[in-house]
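# Chains, contacts and geometry: an overview
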Amino acid sequence: MRLALDDEQRAFTDSLEAMLTGADTPSVVREWSRGEHGSGRALWGRLAAAGVFALAAPEEYDGVGVRPVELALAFSALGRHVVPGPLVETVAAAVLLPTPDLVKRLVSGETLATVAYGGPYALDGDAADLRLVLTPDGLHAATGHGPVRPSLDPARRLTPLTPDDLLTAEPPLAKALLLARLTTAAQALGVGLALLDRTVSYVRQRTQFGVPVGSFQAVKHQLADAKTALEFARPLVLAAAVTLDPADVAAAKVTACEAAYATARTALQLHGAIGYTAEYDLSLWLTKARALRTAWGSPEECRNVVLSAGDPRS
């Protein structure tokens, strides 16, 4: 399988990286964590204008057709810059919604959507314009939300939703779940790569016994292990975007999320005491890596999907 990017994909990724680099996303994340959504919504509009959400919608809904590879590339960049908001949930909503007008508003960035899946809590229900709940009966709208609950990742504000109007009894859940797991995997990969880059830079500057910490063999081994895990996850994410096979997507998600989580632990250890402070920007990536591990499917759930695919009885 050929996984090399073409010129158009490279240009899209480069332009998105350039935009996010100049967006001061740590400040946006901290404001979002306090329930101040102005700068986050402004960034959301810029992402929509760049075509990020159009990658999850068909052309007749003002999208560009569902493009899983480009979605994976975009979400890796979003993870690298810890962009806040229900990003994956908006992609899932674009697949689940039966109403073209609602999907068009998602694509344009006019509407921000969230989805409660696997329980009553949804991400950023206080910021969302459209709140959706998946139940055994189908896809429901929720007119309001309960009190904001704290999360391990302060930027992931959880709100309970109560299903109201039934939008469709047969939403395309399998397709939505595939894209949600794929984009979560890509987001986690980006988070892990950013953690690795930040940690490498830090150990080159921090000194002990008159030499950089990064010169110690034990530190090199830890960073090499983190890099190996992330580089192993990268082609799995891209390959899953090509095949969209449920087992491939599940394998990519568990591999990328576990690699990002392991990198987060290494980053925390090598930064020392400063890594434990919420005021230090590293914490934004540390908490994100932990939270993404169980989003849209725990490691155990994803491993079971992979194992079931190899079982001739399934």
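See the structure above.
Everything in this summary refers to the structure shown in the same document.

Definitions and cut-offs
Residues numbered from 1 in each chain as written. Predicted model: local features only at pLDDT ≥ 70, side-chain atom pairs only at ≥ 80, totals over all residues. Heavy atoms only, no water. Phe/Tyr/Trp six-rings, centres within 6.5 Å; stacked < 30°, edge-to-face > 60°. Buried < 20%, exposed > 50% of the residue type's maximum accessible area, 1.4 Å probe, protein only. Helix = DSSP H or I, 4+ residues; strand = E, 2+ residues; numbered from the N terminus. Lys NZ or Arg CZ within 6 Å of the ring centre and 35° of its normal. Salt bridge = Lys/Arg side-chain N within 4 Å of Asp/Glu carboxyl O. Core = buried A, V, L, I, M, F, W, Y, C linked by side-chain atoms within 4.5 Å. Contact = heavy atoms within 4.5 Å. Pairing = 2+ DSSP bridges.

### Observations regarding the packing of aromatic side chains
- For the structure on display, the rule yields two aromatic pairs.
- A ring pair is formed by W44 and F53, whose centres lie 4.9 Å apart and whose planes are at 25°; its orientation type is stacked. Per residue, the accessibility class of W44 equals that of F53, and both read buried.
- An angle of 10° between the planes, with centres 4.9 Å apart, marks the rings of Y117 and W296 as stacked. Placement of Y117 in the loop between β1 (113–116) and β2 (121–123) and of W296 in the loop between α10 (282–292) and α11 (299–309) is noted, with a sequence separation of 179 residues between them.
- Of note, R290 hangs over the ring of Y261, and the distance from its end group to the ring centre comes to 5.6 Å.

### Description of the pattern of salt bridges
- By the definition in use, this model includes 13 salt bridges.
- In this structure, the salt-bridge partner of D7 is R10, at a minimum N-O distance of 3.3 Å. Of this pair, D7 and R10 both sit in helix α1 (residues 7–21), three residues apart, which is roughly one turn of that helix.
- D7 gets classed as exposed once you look at its relative accessible area, which sits at 63%.
- Take R10: its relative accessible area is 40%, and that puts it in the partly exposed class.
- Two residues, E8 and R67, come together in a salt bridge whose shortest N-O distance is 3.9 Å. A residue pair is termed long-range when its members are at least 10 positions apart, and E8 in helix α1 and R67 in the loop between α3 (38–49) and α4 (68–80) qualify at 59 residues.
- Note on E8: relative accessible area 58%, which makes it exposed.
- On the basis of relative accessibility, which here comes to 33%, the residue R67 falls in the partly exposed class.

### Brief notes about the nonpolar core
- Counting residues in hydrophobic clusters, the biggest one holds 77 residues, and the most contacted among them are L16, L20, L47, F75, L97 and V237.
- With residues near it in sequence (within four places) discarded, F75 still touches V52, L87, V88, V91, T183, A186 and Q187.
- Core analysis: the second largest hydrophobic core is formed by 17 residues, A188, A194, L282 and L284 among them.

### Observations concerning the pairing of β1
- Judged by which residues are buried, β1 turns out to be covered on both faces: A113 and V115 on one side and T114 and A116 on the other are all buried.
- Looking at chain direction, β1 and strand β3 (residues 130–135) are connected through four bridges and run parallel. Note that in β3 the partner of A116 across the bridge is V133.

### Overview of the pairing of β3
- With five of its six residues buried, β3 lies for the most part within the structure.
- Both β3 and strand β4 (residues 138–142) contribute to a ladder of five bridges, which runs antiparallel. Bridging across to β4, L132 finds its partner in A141.
- A loop of two residues connects β3 with β4, the two strands running antiparallel in sequence.

### With respect to unusual backbone geometry
- Phi at D24 takes a positive value of approximately 50°, unusual for a residue other than glycine.
- With respect to the helices and strands, the residue D24 is situated in the loop between α1 and α2 (25–33).
- What makes D24 partly exposed here is its relative accessible area of 43%.
- For F209, which is not glycine, the phi dihedral falls at a positive 55°.
- The topology assignment puts F209 in the loop between β7 (207–208) and β8 (211–212).
- Residue classification places F209 among the exposed positions, given a relative accessible area of 78%.

Worth remembering: the numbers are spatial, not functional.
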